[in-house]
Every structure is written in structure tokens, then in C-alpha cells.
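Read off the chains here:
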Amino acid sequence: MNKAKLFALSQYPLPHHLLSRITGRLAECRLVWLKNLLITRFIKHFKVDMSEAQQPDPTAYANFNEFFTRPLKEGAREITADPQKLASPADGSISELGSLEHGRVLQAKGMHYSLTRLLGGNSEKAQPFMGGSFATIYLSPKDYHRVHMPVDATLQETLYVPGRIFSVNQATADNVPGLFARNERLVCFFETPAGPMAMILVGAMIVAGIETVWDGQVTPPVREVKLKDFTDPEPIVLDKGQEMGRFKLGSTVILVFGPDAVQWREDLQNGTQVRLGEALAELAG
């Protein structure tokens, strides 16, 4: 048995949520010596580029979470201005992307999972995306962990889906069936110039929370499916490039579109590094 499969199998018996709660408390710790130790060791281990941060001094952050969700300095990323281009919502690497065939999403070579299950098990929510396309973007520990809008959009609903929180990396993607449809996640449904779009923010082991700019921290609440309507009284409209959420540690963003809505760049494939704002696809029309 190879190391990757052994690592994936070791995830099953772990107390995922307990470990994440412990990590979350540690990440909020304001003891100066401890938070500085955590931050500086993290920067060294993962080779984080602090020159891009609005605050490059690691010791200036109040706690680890403030460091991890650090904003970039102005001009560090350029958002593609072409209205026909879909921008990358985050720094990271392409895990997989392509078409949604028979309602299935490609997780890794030879392994697929259900789109309906990813979107909370509601076939009505999944129907507009059948025959469409998707892109999965993995954010590594060294990456900028705020998530931005890939296109102008109006928020319709959010759906919090509780679940396990396996680590998310190539080893688990290759060896844990239905990984992204198993993990805790927040599904955000938008209306865009290219039609309906779902942005799924997937949690992972030791992810202490997922936040949105319109609703604050949405995980971990009471662990039950929760649908929220944002169409009344005033719609929430977000511009391309505007921040929409952030991870307190972790993880993965999945974009889902309807049929013929976007055409992905031909050079994008598993492992391709992308940066916030760069063009990933051409919008239909």
C-alpha cells in the first residue's frame, strides 16, 4: 500500500470536528509568544510570501487566524477587466475541471461523485447545472485564503451542508470517494450574466470556519442543513473581483455553471497554478 492511500485511510477514524475545534481555539489565541511562534513557524515551513501582504510583519497580527486571512496589499493581484472573461476566485491550483457528464463531477482520475449530493442532495437545486461544467480549485496552506467573485453576480441562496472534514489534498482526492460531497461545505447560488452559478466553499480537517462578507462566520453552526434566502428584501449584488468569503484554514472552492455557460482555457489541467483574478474561461455570448 502506497503512502498516499495509507494517509487517506488514516483519515477515517479521526475525530474530525474535535480536532478542528481544538485547532480553532489555538488559532484564536492572543498570547504573544504563542501566536508569534505559530505564525513564524508556519511561514517558514510553507514558505509563505509575506511581501504581498498588506501587513508584512508576522508579529503584527493579533492571532493566527488574523494572519491566515491576511489581506493583500493594493495592486498585488490584477482582476481581468474583460467582461467576457471569468476570473479565478482565488490563488491555488486546479484540481480538476471540465464538463458535468450524467450529473457526475470528476474528483480525480477514474473517480467521480454526484453533483446532486455536492449541492446538498436536492435534485431541484442541481437541475440547472446538469450538462454544464465545473472547476475545482485547491488552496494550499501558503496561498492567500480570501475568496473573490469570478464574475458579477447576484446572490440568491446559501445552503450549509454538514459533513465530515477529511483533509483535502491530492492524496485524499485520489483515495477518498466523494471527498467534496462528504465534507462540510457552504453552497452559494448566484445569478450571473452567464446564467446560474454555484460557488461551493469546502471545509477540511482543522478548518476552523468559513466566512462570507454578507453573513459572517457560517461554520461551524449547529450541524444541520440550513438554507437561507437572500433575494428579499434587498438583493446582494457583488462585482467581479470583490471579496465574497474566506477560510480560517483550508481548503477548496468549486465553481459550477449550467450548459454552454463557460469555455475553460485549453491549457488548464490538474496541477495548473492559478492566481486570483487571472482569466480562467470565456463566458457564453
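Given the structure is predicted, the values throughout are model-derived calculations rather than measurements. (Residues numbered from 1 in each chain as written. Predicted model: local features only at pLDDT ≥ 70, side-chain atom pairs only at ≥ 80, totals over all residues. Heavy atoms only, no water.)

**Notes on a nonpolar patch on the surface**
Then, number 1: A surface patch of nonpolar side chains, about 340 Å² in accessible area, is lined by Leu31, Trp33 and Leu37.
Then, number 2: Position of Leu37 relative to the elements: it lies in helix 3 (residues 32-46). (Patch = residues over 30% accessible without salt bridge, like charges linked within 9 Å, V, L, I, M, F, W, Y side chains within 5 Å. Areas by Shrake-Rupley, 256 points an atom, 1.4 Å probe, with all protein chains shown as cover. Salt bridge = Lys/Arg side-chain N within 4 Å of Asp/Glu carboxyl O. Helix = DSSP H or I, 4+ residues; strand = E, 2+ residues; numbered from the N terminus.)

**Thoughts on the sheet that holds strand 10 (residues 209-212)**
Then, number 1: Taken in spatial order, the four strands line up as 6-14-10-11 in an open sheet, and their pairing is antiparallel. With partners counted over all chains shown, the strands left at the sheet margins are strand 6 (146-148) and strand 11 (216-217), one partner each.
Then, number 2: In this structure, strand 10 lies alongside strand 11, joined through two bridges in antiparallel fashion. By the bridge assignment for strand 11, Glu211 is matched with Gln217. (Pairing = 2+ DSSP bridges.)

**Quick notes on helix 3**
Then, number 1: In this model, helix 3 (15 residues) spans 21 Å end to end at C-alpha, consistent with the 21 Å of a helix rising 1.5 Å per residue.
Then, number 2: Taken residue by residue, helix 3 has Leu34, Lys35, Asn36, Ile39, Phe42 and Ile43 as its buried positions.
Then, number 3: Of the residues trailing helix 3, Lys47 is marked for its positive phi of about 55°. (Expected span 1.5 Å × (residues − 1). Buried < 20%, exposed > 50% of the residue type's maximum accessible area, 1.4 Å probe, protein only.)

**A closer look at the pattern of salt bridges**
Then, number 1: Enumeration over the complete set of coordinates arrives at 12 salt bridges.
Then, number 2: Of the charged contacts in the structure, one is a salt bridge between Glu211 and Arg246, with a shortest N-O distance of 4.0 Å. Residue Glu211 is found in strand 10, and its partner Arg246 is found in strand 14 (residues 243-248); the two are separated by 35 residues along the sequence.
Then, number 3: Of the charged contacts in the structure, one is a salt bridge between Lys228 and Asp215, with a shortest N-O distance of 2.9 Å.

**Some points on the packing of aromatic side chains**
Then, number 1: Taken as a whole and judged by the stated rule, the model has 11 aromatic pairs.
Then, number 2: With centroids separated by 4.7 Å and ring planes inclined at 45°, the aromatic side chains of Phe42 and Phe46 adopt a geometry described as tilted. Here Phe46 and Phe42 lie together in helix 3, a separation of four residues that amounts to about one turn.
Then, number 3: Judged by its relative accessible area of 31%, Phe46 is partly exposed.
Then, number 4: Counting every residue linked through ring pairs, the aromatic cluster contains Phe42, Phe46, Tyr61, Phe64, Phe67 and Phe68. (Phe/Tyr/Trp six-rings, centres within 6.5 Å; stacked < 30°, edge-to-face > 60°.)

**Describing the nonpolar core**
Then, number 1: Phe190, Met199, Met244 and Trp264 are the most contacted members of the largest nonpolar core, which has 38 residues in total.
Then, number 2: The residues contacting Met244, other than those within four sequence positions of it, are Val147, His148, Met149, Cys188, Phe190, Met199, Leu201, Glu211, Thr212, Val213, Trp214 and Leu238.
Then, number 3: Judged by nonpolar contacts, the second largest core, of 25 residues, contains Val105, Phe134, Val161 and Val168. (Core = buried A, V, L, I, M, F, W, Y, C linked by side-chain atoms within 4.5 Å. Contact = heavy atoms within 4.5 Å.)

**Points about the sheet that holds strand 1 (residues 85-87)**
Then, number 1: Spatial strand order, 1-18-16: three strands in an open sheet with antiparallel pairing. The sheet is open, and its two edges are formed by strand 1 and strand 16 (262-264), each paired on a single side. With direction set aside, neighbouring strand axes in the sheet form an average angle of 35°.
Then, number 2: Pairing of strand 16 with strand 18 (residues 279-283), which is carried by three bridges, proceeds in the antiparallel orientation. Residue Trp264 lies in a different strand from strand 18, and its bridge partner there is Ala281. (Axes fitted to C-alpha atoms, helices over the stretch in contact; angles between N-to-C directions.)

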